[in-house]
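# Close look at the chain arrangement
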Amino acid sequence: MACTPEQAREIYAPLIGELVWDAARKRVGEVMDHRWSLYQLRPPGGGIEWHAMPESIRSLPEAARARYKGKR
């Protein structure tokens, strides 16, 4: 069975504590946990956690990571 280009994209698997981009919510989050096929993210520096689907998680570019470095 053929798959679409979106399905063919390799899903990014971040580590706990890593800053990532949640494309679905259009916000940066720190990975707190990965359970039940979902990632638990929270804003850098603290705040209310939210769940993110693995498909919506993107690596945060190094330049953007530097911007949030002091907030963790």
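Structure report, in brief. Keep in mind that what you see is a predicted model, and the values were worked out from it rather than measured. (Residues numbered from 1 in each chain as written. Predicted model: local features only at pLDDT ≥ 70, side-chain atom pairs only at ≥ 80, totals over all residues. Heavy atoms only, no water.)

## With respect to the overall build of the chain
When helices and strands are counted, the chain shows 2 helices and 5 strands. Its helices and strands in sequence order give the chain the pattern α-β-β-β-β-β-α, from N to C terminus. Residue burial in the chain is summarised as follows: out of 72 residues, 31% are buried. Of all intrachain contacts in the chain linking residues separated by at least 6 positions in sequence, the fraction that spans at least 24 positions is 37%. When the accessible surface of the chain is totalled, it reaches about 5,100 Å², and 57% of it is carbon and sulfur. (Helix = DSSP H or I, 4+ residues; strand = E, 2+ residues; numbered from the N terminus. Buried < 20%, exposed > 50% of the residue type's maximum accessible area, 1.4 Å probe, protein only. Contact = heavy atoms within 4.5 Å. Areas by Shrake-Rupley, 256 points an atom, 1.4 Å probe, with all protein chains shown as cover.)

## Section: the sheet that holds strand β1 (residues 19–22)
Overall, antiparallel pairing links the 5 strands, which are arranged β4-β3-β2-β1-β5 in an open sheet. A single partner strand is all that each edge strand has here, and the edge strands are β4 (50–52) and β5 (57–59). With strand direction ignored, the average angle separating the axes of adjacent strands in the sheet is 55 degrees. The sheet contact formed by β1 and strand β2 (residues 27–35) spans 4 bridges and is antiparallel. Within the sheet, the bridge partner assigned to V20 lies in β2 and is G29. (Pairing = 2+ DSSP bridges. Axes fitted to C-alpha atoms, helices over the stretch in contact; angles between N-to-C directions.)

## Details of the packing of aromatic side chains
All told, the structure shown has 0 aromatic pairs when counted by the stated rule. Over the ring of W50 we find R27, and its NZ or CZ is 3.9 Å from the ring centre. Between R35 and the ring centre of W36, over which it is positioned, the NZ or CZ distance is 6.0 Å. (Phe/Tyr/Trp six-rings, centres within 6.5 Å; stacked < 30°, edge-to-face > 60°. Lys NZ or Arg CZ within 6 Å of the ring centre and 35° of its normal.)

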